[in-house]
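Residues per chain, in single letters:
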Amino acid sequence: MSHGSVATKSGNGHGTSYPRRLEGKVAIITGGVGGIGASTVELFVENGAKVIITDIQDHLGLAMSDKLGDNVTYIHCNVSNEDEIINLIDTTILKYGKQDIMYNNAGIIGNKSRSILDADNSDLE
Ligand SMILES: NC(=O)c1ccc[n+]([C@@H]2O[C@H](COP(=O)([O-])OP(=O)(O)OC[C@H]3O[C@@H](n4cnc5c(N)ncnc54)[C@H](O)[C@@H]3O)[C@@H](O)[C@H]2O)c1
């Protein structure tokens, strides 16, 4: 090690130290229980974010939020249900007073012949 670089066992859990780039940020991650979403949740928490996990697999989501601690909350939300999305945002604002990041990870494979800008609710059902 040279020139004042610092390696510690604190911070990110990988043996090196770098700024927690999401400190104080409030992030919603849809489909956060499985696959890429679950890995993203862990990375965001390591970087200091408060994370709202949403998914349709409630038992796994609740177990995940228990395991990851106070900075993680699970809220049921089927992203194809507009009322559940409204509830998700309202609950997030009620709890944290803001929402900084929306990671739309739960993907819907729909009609690919149209631009996303032309999508309407029926494309998400
Ligand atoms: N894995 C890949 O190689 C790959 C490649 C390109 C794009 N993607 C996209 O990345 C995203 C994540 O992929 P993945 O492989 O981690 O998927 P995954 O199937 O492992 O996980 C998806 C998560 O979304 C949840 N989910 C499914 N339907 C939902 C709904 N209606 N509302 C809320 N949550 C819902 C599932 O319960 C699951 O926890 C998807 O949008 C996928 O299309 C993945």
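Residues numbered from 1 in each chain as written. Predicted model: local features only at pLDDT ≥ 70, side-chain atom pairs only at ≥ 80, totals over all residues.

Looking at the chain in UniProt, the text filed under Sequence similarities (unreviewed entry) is "Belongs to the short-chain dehydrogenases/reductases (SDR) family." (UniProt positions renumbered as here; feature names shortened; annotations may be inferred.)

## Comments concerning the overall build of the chain
Along the backbone of the chain there are three helices and four strands. When the helices and strands of the chain are read in sequence order from the N terminus, they spell out β-α-β-α-β-α-β. Residue pairs at least 24 apart in sequence account for 48% of intrachain contacts in the chain once pairs closer than 6 positions are excluded. (Helix = DSSP H or I, 4+ residues; strand = E, 2+ residues; numbered from the N terminus. Contact = placed C-beta atoms within 7 Å.)

## A word on the environment of Ile93
Structurally, Ile93 can be placed in helix 3 (residues 82–96). Judged by the 12 C-beta atoms lying within 10 Å of it, Ile93 is exposed. With 67 residues separating them in the primary sequence, Ile93 and Val26 have C-alpha atoms 9.6 Å apart. Those residues in contact with Ile93 that lie beyond four places of it in its chain are Lys98 and Gln99. (Buried ≥ 20, exposed ≤ 12 C-beta atoms within 10 Å, placed from the backbone.)

## Description of the sheet that holds strand 2 (residues 50–55)
The four strands are arranged 3-2-1-4 in an open sheet whose pairing can be described as parallel. Edge strands, defined here as strands with exactly one partner in the open sheet, are strand 3 (72–76) and strand 4 (101–103). With direction set aside, neighbouring strand axes in the sheet form an average angle of 20°. Where strand 1 (residues 26–30) lies against strand 2, five bridges are found, and the strand directions are parallel. Bridge pairing in strand 2 places Ala27 opposite Val51. On top of the sheet, helix 1 (residues 35–46) reaches strand 1, strand 2, strand 3 and strand 4; it is set at about 170° to strand 1, its chief contact. Across the face of the sheet, helix 3 comes into contact with strand 1, strand 2 and strand 3 while running at roughly 155° to strand 1. (Pairing = 2+ DSSP bridges. Axes fitted to C-alpha atoms, helices over the stretch in contact; angles between N-to-C directions.)

## Overview of the site of the ligand
The full set close to the ligand counts 17 residues, and Gly31, Gly34, Gly35, Ile36 and Gly107 are the nearest of them. In terms of residue count, helix 1 provides more of the shell around the ligand than any other element does, three residues in total. Considering only residue class, the shell around the ligand consists of six nonpolar, ten polar and one charged. (Near = placed C-beta within 6 Å. Nonpolar A, V, L, I, M, F, W, Y, C, P; charged D, E, K, R; others polar.)

## Section: the nonpolar core
One finds Ala27, Ile29, Val41, Phe44, Val51 and Ile53 to be the most contacted residues of the largest nonpolar core, which totals 16 residues. If you list the elements that add at least two residues to this core, you get strand 1, helix 1, strand 2 and strand 3. If we skip the residues at most four places from it in the chain, Val41 touches Ile29, Gly32, Val51, Ile53 and Val72. (Core = buried A, V, L, I, M, F, W, Y, C linked by C-beta atoms within 7 Å.)

## Thoughts on the environment of Asn78
Counting through the fold element by element, Asn78 comes out in the loop between strand 3 and helix 3. The spacing of Asn78 and Gly31 is 47 residues in sequence and 8.7 Å in space, taken between C-alpha atoms. Dropping the residues within four chain positions of it, Asn78 is found in contact with Ile56 and Glu84.

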